[in-house]
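Working through the structure, step by step
Listed here are the chains, written in short residue letters.
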Amino acid sequence: MRHDHVQSPARSSGGTRHLPRRWAHAGSAAALRGLNTVTEEDLAHFAQFLPPTSILSTLTPSPSPAEELAPFNNDWMNKYHGKSTTVLKPRTTEEVSKIVKWCSQRRIGIVPQGGNTGLVGGGVPINDELILSLSNMTKVRSFDDVSGILVADAGCILQSLSDYLAPYHHIVPLDLGAKGSCQIGGNVSTNAGGLRLLRYGSLHGSVLGLEVVLPDGTVLDQLTSLRKDNTGYDLKQLFIGAEGTLGVVTGVSILAAPAPQASNNVILALPKFDNVQPLFKEVKRQLSEILSAFEYMDRTVYDLAVKHGQGRALDPQDVEGAECFVLVETSGGKREHDEEASHIPLPDAQKLNTLLETLMEADEPLINTGVLATSPAQFSALWAIREGLTEAVSKEGNAYKYDVSVPLDKFQEVVDKTREHLQQKGLLHADAVKYVVGYGHVGDSNLHLNIVAAAYTPEIEAALEPFVYELVASYKGSISAEHGIGYMKTHALQYSKNPTSIDIMKRIKHLFDPHGIMNPGKVLP
Ligand code: FAD
Ligand code: 2HG
Ligand code: ZN
């Protein structure tokens, strides 16, 4: 992992437009039926145990300007807009518990919010629910550099945890482009995948324990630091990926990984998409356990990244004739920990060089060329292209984001079919849909289909849905690989979950949250 690279996702500014409010909140009244709104009396109660700096509200006695609540009410894409009057920023689990207990008694809806970098509208209110921000809970509670177990407040920013672990030669087993803003509690609550799931696996494996405030205010202390604990149902798993619908995560115990002694990367330019799959096979064969990322981007999105200054563009001759690119990263020991069949020690960097040579010299080369990082600065610059794609797309327009699991060989087909469909609908032009692009995590069969539009409009959305969901279902894929369901996909859950599963999910929700106060209107239809 690169400690020298922080990418703070700036909020979309130029080029983004607000949805008409009525349209953005279609269905919200029904979703929130039966819940109360925050009143001045509620504020007076919260003020008994929270300092003024932990309360941000447009209500009296000391109203804050509405602009101060805007970053909490609007999501990163500027696609989903809430109307909350009040944000509370508790500092301790006890304060969270008191807030939730009060809201439970008063039947006030709560939206837990981390770094607000989510891409499915899960972290902002649908209407005027209370926003419970974890941003004041930023303490590392403990780190054991023998076991590698890190226990931290849920509000710790991912990058700050990486920085904390660096002197101990450990890393958080999760990395994503939003690391400068997203919080570990938000990562756990979305079960974020990211750029190195291929190497470190999902949070369902690396999270060892959680502390959660349940919807009635009870603190569920499952913050164990045990590698093994087979004592019945593994309750913490329910909260990983629950998107704040079952409780507020306040503490996380996670198994940090030893920092690799050396990391290297290369961007490979491919003449055609069909080469991605055989290339992945060959790269895995040659690099085996030192392979730590294999990321895909199509030509159009690469060009957008370059246009918007993400990373350092490759030389023109390197990109000529390329239909797509992959970024390959290796992480491992500096020296001879991995040996070739000949038993001659081969350092990791050299392995990547050898890979490049064999790929280029093959009778029918799978790649046109490759650009190998030869310094830490180049290493970061290559990663910045891949990590900057989301930001580049947001600078170009308003993106409809479909984060799907489909078989790897269908990545291009999904993008092409969507583009053709929009073309047939007469929506592929500068004033409607400008680009249809694909990028993602090859190792996880996770494609990010982005439809970049001049503006979010009901017409484009109607053309895309259920079209995209039906397409994904036809491949037996998932309509949400790693971003979650949030508010965006509640109506589409049935494309990836059968009625029995949805029914059990509803019963679990009801068991934990009978009054439906916890992140209402999210995940479940
Ligand atoms: P928020 O956006 O604040 O919240 C997300 C959801 O979790 C909401 O439903 C919220 O209610 C809930 N929540 C947050 N904190 C808590 C808590 N403490 N307790 C209970 N519920 C909580 N995602 C990936 O999976 N992989 C990527 O590679 C990736 N890259 C990204 C790159 C960029 C530039 C951006 C903008 C986003 C990216 N994302 C990615 C999406 C997003 O960053 C992740 O989903 C992240 O885990 C969200 O964390 P957050 O703290 O911002 O949560
Ligand atoms: C990524 O892999 C993130 O870069 C964001 O999951 C994907 O922007 C997107 O659609
Ligand atoms: Zn992703």
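Preceding this section is the structure that the text describes.
Please read these numbers as outputs of a predicted model, since none were measured by experiment.

Glancing now at the sheet that holds strand 6 (residues 149-153). Within the open sheet, the five strands sit side by side as 5-6-10-8-9. Their pairing is antiparallel. With one partner strand each, in any of the chains shown, strand 5 (140-144) and strand 9 (219-222) form the two edges of the open sheet. Taking each pair of neighbouring strands and ignoring which way they run, the sheet shows an average axis angle of 10°. Contacts from helix 5 (residues 93-106) reach strand 5, strand 8 (207-213), strand 9 and strand 10 (248-255) within the one sheet, and its direction differs from that of strand 8 by about 45°.

This part is about the site of ligand 2. In the vicinity of ligand 2, the contacting residues are L119, R386, T390, K401, Y439, H441, H448, N450, E482 and H483. Residue N450 places a side-chain N or O atom 3.0 Å away from an oxygen atom belonging to ligand 2. When isolated, ligand 2 has an accessible area of 300 Å², and the protein chains bury 87% of it. Listed by contribution, the elements that provide at least two residues to the shell around ligand 2 are strand 17 (433-441) and strand 18 (446-453). Partitioning the shell around ligand 2 into residue classes produces two nonpolar, five polar and three charged.

This part takes up the coordination of the zinc ion (ligand 3). For the zinc ion (ligand 3), the full set of protein donor atoms is H441 (NE2), H448 (NE2) and E482 (OE), at a range of 1.8 to 2.1 Å. In primary-sequence terms, the residues that donate to the zinc ion (ligand 3) follow H-x6-H-x33-E. Of this pair, H448 sits in strand 18 while E482 sits in the loop between helix 19 (467-474) and helix 20 (499-512), placing them 34 residues apart in sequence.

Attention now goes to unusual backbone geometry. The linkage connecting T60 with the following residue, P61, adopts the cis geometry, with an omega of 15°. Within the secondary structure, P61 is located in the loop between strand 1 (55-57) and helix 4 (66-73). Between E465 and the following residue, P466, the backbone shows a cis peptide bond with an omega angle of 10°. Examined against the element boundaries, P466 turns out to sit in the loop between helix 18 (458-464) and helix 19. Positive phi values are uncommon outside glycine, yet N191 reaches one of about 50°. Structurally, N191 can be placed in the loop between helix 7 (184-190) and helix 8 (197-200). Positive phi outside glycine occurs at S445, with the angle close to 50°. Examined against the element boundaries, S445 turns out to sit in the loop between strand 17 and strand 18.

Calculation rules
Residues numbered from 1 in each chain as written. Chains lettered and ligands numbered in written order. Predicted model: local features only at pLDDT ≥ 70, side-chain atom pairs only at ≥ 80, totals over all residues. Heavy atoms only, no water. Pairing = 2+ DSSP bridges. Helix = DSSP H or I, 4+ residues; strand = E, 2+ residues; numbered from the N terminus. Axes fitted to C-alpha atoms, helices over the stretch in contact; angles between N-to-C directions. Contact = heavy atoms within 4.5 Å. Near = heavy atom within 4 Å. Polar contact = N/O pair within 3.5 Å; in protein donor to acceptor, adjacent residues only side chain to side chain. Areas by Shrake-Rupley, 256 points an atom, 1.4 Å probe, with all protein chains shown as cover. Nonpolar A, V, L, I, M, F, W, Y, C, P; charged D, E, K, R; others polar. Donors = N, O, S within 2.8 Å, 3.2 Å for Na, K, Ca; no water.

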